[in-house]
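Structural description and commentary
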Amino acid sequence: MAAQHPTTALLLCEVVMEILSWVSAKPLTRLKLVCKSWNSIISHPHFVKLHLHRSPKNAILLFTRTPALTLDEKEKWSLVLSSVESFIQNPSSTPDAQENRHSLHLQDWVVGSCNGLVCVAHILGHPNNDICDIWFRLLNPLTGFISENSPCLRVNVNNVFGFGYDESSDSYKVVTVIRDSSGTVTAQVYSFGGSSWKTIDSFPAFPFSAEDNGHFIGGTLNWLGLRNPHGDDYDWAAVTLDMLMIVSFDLKSDTHKQILLPKGIDEIPDKEPTLGVWGNRLYLLHDYKNTHFIAWQMKEFGDENSWTQLLKISFHHLGVERLLPEFIFENGNIFMLRGRRRFEEVFYDRRDNSVKRINILANNSYFIAFDYVESLVRPC
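What you see is a predicted model, and the numbers here were worked out from it, not measured in a lab. (Residues numbered from 1 in each chain as written. Predicted model: local features only at pLDDT ≥ 70, side-chain atom pairs only at ≥ 80, totals over all residues. Heavy atoms only, no water.)

1. Some details on the overall build of the chain
The helix and strand inventory of the chain stands at six helices and 26 strands. Over its C-alpha atoms the chain spans a radius of gyration of 22 Å, differing by no more than 12% from the 21 Å that the globule rule assigns to 380 residues. By principal-axis analysis of the C-alpha atoms, the chain measures approximately 80 × 55 × 50 Å. Within the chain, buried positions represent 50% of all 380 residues. For the chain, the proportion of contacts with a sequence separation of at least 24, taken over those separated by at least 6, is 50%. Across the chain, 35 positive and 42 negative side-chain charges occur, with their mean positions spaced 4 Å apart. (Helix = DSSP H or I, 4+ residues; strand = E, 2+ residues; numbered from the N terminus. Rg over C-alpha atoms; globule rule 2.2 N^0.38 Å. Buried < 20%, exposed > 50% of the residue type's maximum accessible area, 1.4 Å probe, protein only. Contact = heavy atoms within 4.5 Å. Lys, Arg positive; Asp, Glu negative; His and termini not counted. Charge placed at Lys NZ, Arg CZ, Asp CG, Glu CD.)

2. Description of the nonpolar core
Judged by nonpolar contacts, the single largest core of 52 residues is most densely connected at Phe-63, Phe-136, Phe-163, Tyr-172 and Phe-192. If we skip the residues at most four places from it in the chain, Phe-63 touches Trp-77, Ser-78, Leu-79, Leu-104, Asp-108, Trp-109, Val-110, Tyr-366, Phe-367, Ile-368 and Phe-370. By size, the runner-up hydrophobic cluster in this structure holds 32 residues, among which are Phe-87, Trp-278, Leu-285 and Phe-327. (Core = buried A, V, L, I, M, F, W, Y, C linked by side-chain atoms within 4.5 Å.)

3. Quick look at the packing of helix α3 (residues 36–43) against helix α4 (residues 45–54)
As a packed pair, α3 and α4 sit with axes 5 Å apart at the nearest point and diverge in direction by 65°. Facing Ile-41, Ile-42 and Ser-43 of α3, the residues of α4 in contact are Pro-45, Phe-47 and Val-48. Residues that form the contact of α3 with α4 fall into these classes: five nonpolar, one polar and no charged. (Axes fitted to C-alpha atoms, helices over the stretch in contact; angles between N-to-C directions. Nonpolar A, V, L, I, M, F, W, Y, C, P; charged D, E, K, R; others polar.)

4. Considering the pattern of salt bridges
In the structure shown here, the tally under the stated rule is eleven salt bridges. Several salt bridges converge on common partners, so that one network encompasses Asp-166, Lys-173, Lys-198 and Asp-254. (Salt bridge = Lys/Arg side-chain N within 4 Å of Asp/Glu carboxyl O.)

5. Quick look at unusual backbone geometry
Look at Asn-115: it is not a glycine, yet its phi comes out positive at around 55°. Here Asn-115 lies in the loop between β4 (108–114) and β5 (117–125). Phi is positive for Ser-202, which is not a glycine, with a value near 60°. Within the secondary structure layout, Ser-202 lies in the loop between β12 (198–200) and β13 (205–207). On the basis of relative accessible area, Ser-202 is assigned to the exposed category, the value being 57%.

6. Thoughts on the pairing of strand β2 (residues 76–83)
Of all eight residues in β2, six are buried; the element is thus mostly enclosed. Relative to β2, strand β1 (residues 59–66) is paired through eight bridges, and the arrangement is antiparallel. When the sheet's bridge partners are listed, Ala-59 is paired in β2 with Ser-83. Sheet topology note: the β2/strand β3 (residues 101–104) ladder contains four bridges and is antiparallel. Within β3, the residue paired with Leu-79 across the bridge is His-102. (Pairing = 2+ DSSP bridges.)

7. Topic: the sheet that holds strand β24 (residues 344–349)
On the basis of which strands lie adjacent, the open sheet formed by four strands has the order β22-β23-β24-β25 and antiparallel pairing. Of all the strands in the sheet, just β22 (324–329) and β25 (354–359) have a single pairing partner and so form its edges. For this sheet the average axis-to-axis angle between neighbouring strands, irrespective of direction, equals 20°.

8. Brief notes about the side chain of Asp-133
Within the secondary structure layout, Asp-133 lies in strand β6 (residues 131–140). One polar contact links Asp-133 to His-126, side chain to side chain, over a distance of 3.1 Å. With sequence-adjacent residues up to four places away left out, Asp-133 is seen in contact with His-122, Ile-123, Leu-124, His-126, Cys-152, Leu-153 and Arg-154. (Polar contact = N/O pair within 3.5 Å; in protein donor to acceptor, adjacent residues only side chain to side chain.)

9. Things to note about the packing of aromatic side chains
Given two aromatic rings, their pairing is described by the distance between the two centres and the angle made by the two planes. Under the counting rule described, the total for this entry stands at 19 aromatic pairs. Judged by centre distance (4.6 Å) and plane angle (20°), the ring pair of Phe-63 and Trp-77 falls under stacked. With Phe-63 in strand β1 and Trp-77 in strand β2, the pair connects residues that are 14 residues apart, well separated along the chain. Phe-63 gets classed as buried once you look at its relative accessible area, which sits at 0%. Put simply, the rings of Phe-136, Phe-161, Phe-163, Tyr-165, Tyr-172, Tyr-190, Phe-192 and Trp-197 touch in pairs and so form one group of aromatic residues. Sitting over the face of the ring of Phe-206, Arg-179 holds its NZ or CZ atom 4.5 Å from the ring centroid. Lying across the ring of Tyr-288, Lys-312 places its NZ or CZ 4.5 Å from the centre. (Phe/Tyr/Trp six-rings, centres within 6.5 Å; stacked < 30°, edge-to-face > 60°. Lys NZ or Arg CZ within 6 Å of the ring centre and 35° of its normal.)

10. As for the confidence of the model for the chain
Within the chain, residue pLDDT values average 87, and 91% of them lie at 70 or more. Averaged pLDDT values for the elements of the chain fall to 75 in helix α1 (residues 6–20) and rise to 96 in strand β14 (residues 215–217). (pLDDT = per-residue confidence, 0-100.)

11. Some remarks on the sheet that holds β2
Judged by pairing direction, the sheet is antiparallel, and its four strands sit side by side in the order β3-β2-β1-β26 without closing on themselves. Sheet topology places β3 and β26 (366–372) at the edges, where each strand pairs with a single neighbour. Across the sheet, the axes of successive neighbouring strands diverge by a mean angle of 20°, strand direction being ignored.

12. Notes on the environment of Ile-294
When you line up the elements, Ile-294 lands in strand β20 (residues 292–298). Look past the residues within four positions of Ile-294 in its chain and what remains in contact with it is Leu-284, Leu-285, His-286, Tyr-288, Gln-309, Leu-311 and Lys-312.

The following block contains the structure:
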């Protein structure tokens, strides 16, 4: 058989790449085994980025904790991958699904998810003081990729994390925000593949909770916190509106700025509000006079005039006395909220004003949901 003309071979390769770029990520991990040329195409960085761009953003990642069943067992941390559709249809069984489950160490904490990669902090505390050692690594649950650990970061226990992607340098970064005993807040930045941490002095605020990971959007990590915090045991009743701020940290320049709150907020909420990113939109969620739940959406990230009140609904209609926002689905149409009972989740669909309550944590003592996209990304 005559050899193919180079131009013909190139065109065939481009056709194969175009077709494969529309295939979902999981089958592609098997299609790499078809032949050497397909393996070369699917593994190429250009193809990986093209495929990521075209991948549907319809998956979520659950970080769950399963309690020990016997005295000899230990509680278990796991990652569970799920499509949004299957989770909404059957949320009570999804955290227990064995398919697409990935076990983690007991000392692990999921910092965030970006482009199919999950950033995990491995935290070892020192029993006699408030100091801990932390190593960070990246993993791709779909492909099984695990990065090398970051250099060890020794910090006090007053710290929060954030994870995101700097497109300008094609690098993934983790940020640790730390408050010392004097109330001074600083940040440490690490770019995966590097050899050291970079210190950012004079961080302007500290988030409310150690579980409040930085929210990644538009090349930035965002936290909702208090100016000049003086300790963990602050009295929320004494907090004023001018103390509340959104800090946005730019991963390209390693600088931060303030994002103004929606102009419609003219008094401090009764309970600590929640910041979140779902579906590539920034949300601010809070209660109003302990009677209503309000959701604000920033339609264009960075444009403070684009804050829009998406939802205001009474606790009475939801059938709850208190709320803890968990997740937002379907472009801001479905809200998942923690209800009055420990394991009760409330699903509210603003399209038809319907409310559904589900006992979602029957066999799990804890979970956090993250936006996720299946990908082939494997950073250098």
